[in-house]
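Letter by letter, the chains look like this.
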Amino acid sequence: LNQILKFSYRQYGIVLPVLQRPMGSGCSRPVRSLSRKEQRLLFAVLTCGKEIFQTAVLLCLYTGLRLGEVCALKWEDVDFSSRMITVNRTVQRLYMEGFQTKTVLWESEPKSAHSRREIPMTDAVQELLVWLFDRERQGVRGEYIFGRKKPVEPRTMQNHFRKLLKAAGLDGQGIHFHTLRHTFATNCIEGGTDVKSL
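Residues numbered from 1 in each chain as written. Predicted model: local features only at pLDDT ≥ 70, side-chain atom pairs only at ≥ 80, totals over all residues. Heavy atoms only, no water.

A word on the overall build of the protein chain
Rule in force here: Strands are runs of DSSP state E lasting at least 2 residues, helices are runs of H or I lasting at least 4, and numbering of each runs from the N terminus. Here the term buried applies to any residue with accessible area under 20% of the maximum for its type, exposed to any over 50%, and partly exposed to those in between, with areas from a 1.4 Å probe on protein chains only. Two residues qualify as a contact provided that any one of their heavy atoms is within 4.5 Å of a heavy atom in the partner residue. By the counting scheme adopted, Arg and Lys are positive, Glu and Asp are negative, and His together with the chain ends is not counted. Charge placement uses NZ in Lys and CZ in Arg. For Asp and Glu, CG and CD serve respectively.
The secondary structure content of the protein chain amounts to 7 helices and 5 strands. In the protein chain, the succession of α and β elements from N to C terminus is α-α-α-α-β-β-β-β-β-α-α-α. In terms of principal-axis extent, the alpha carbons of the protein chain reach across some 55 × 45 × 35 Å. In the protein chain, buried positions account for 35% of the 198 residues. Within the protein chain, residue pairs in contact and separated by at least 24 positions form 60% of the contacts whose partners lie at least 6 positions apart. In the protein chain, the 30 positive side-chain charges and the 19 negative ones have mean positions that sit 6 Å from each other.

So this is what it looks like as structure tokens:
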């Protein structure tokens, strides 16, 4: 709501009071990341064949990309020579008035200024993206890595993720797509990455 109020001030000069967040109970949900065993089970399913959604999930596990970021990833964001992935945009489905459909696939800048970032490619990530690039070269390569001419639907990515979890025997265990991001961070800390860089 405060973002809407700030927008109304910037756009129309309307001055409205800043809303204060009510004091919560202080109890937040614990952050869920995959255990080593869960990672092995999921990894076995992700590497048993090379499909586009398996590759997308692996990429998130290796880089910590958010769901909307991986869905909106374009080939122009990948620099094989400097081995960098640039995060420039995200995509989400939003309710919008004035459109033929109730919702619209909305591409925008990332979540925050800090979300615009460069991610170094490990050997595993480079191998994944080179495989995708070569595969796309055989057909008609689209602008988007996982969606060709338009971003892949986040809901579609989530549905495929659920199928992969089921195949790994991990369904119904409180694992969500964002768990991949937490798992990436946990693995980085366990591997000795300093917290500030992470």
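Description of the packing of helix 2 (residues 36–46) against helix 6 (residues 154–167)
For any two helices packed against each other, one specifies the crossing angle of their axes together with the interaxial distance. Put simply, the rule is: Helix axes use the C-alpha atoms of the stretch in contact, all axes being lines fitted to C-alpha atoms, and the angles between their N-to-C directions lie in the range 0 to 180 degrees. In what follows, roughly perpendicular refers to angles from 65 to 115 degrees, roughly parallel to angles under 35, roughly antiparallel to angles over 145, and oblique to any angle outside these ranges. Handedness of each helix crossing follows the sense of rotation of the near helix against the far helix: counterclockwise by less than a right angle gives left-handed, clockwise gives right-handed. For this scheme, ten residues count as nonpolar: Ala, Val, Leu, Ile, Met, Phe, Trp, Tyr, Cys and Pro. Four count as charged, namely Asp, Glu, Lys and Arg, and the remainder, Gly too, count as polar.
Direction vectors running N to C along helix 2 and helix 6 enclose 115°, while the axes themselves pass 9 Å from each other. Overall, the two elements helix 2 and helix 6 adopt an arrangement that is roughly perpendicular. Crossing of helix 2 against helix 6: the hand is right-handed. Contact with helix 2, carried on its side by Leu42, Val45 and Leu46, involves Phe161, Leu164, Leu165 and Ala167 of helix 6 and no other residues of that element. Taken together, the residues of the contact of helix 2 with helix 6 sort by class into 7 nonpolar, no polar and no charged.

With respect to the nonpolar core
Our working definition: In this text, buried Ala, Val, Leu, Ile, Met, Phe, Trp, Tyr and Cys residues form a nonpolar core when linked through side-chain atoms within 4.5 Å.
Grouped together as the largest cluster of nonpolar side chains are 42 residues, with contacts concentrated most on Leu59, Val70, Leu129, Phe146, Met157, Phe177 and Leu180. Elements that contribute at least two residues to this core include exactly helix 2, helix 3 (52–63), helix 4 (67–71), strand 2 (84–87), helix 5 (123–138) and helix 6. Those residues in contact with Leu129 that sit more than four places away from it in its chain are Leu59, Trp75, Val78, Phe80, Ile85, Met121 and Ile145.

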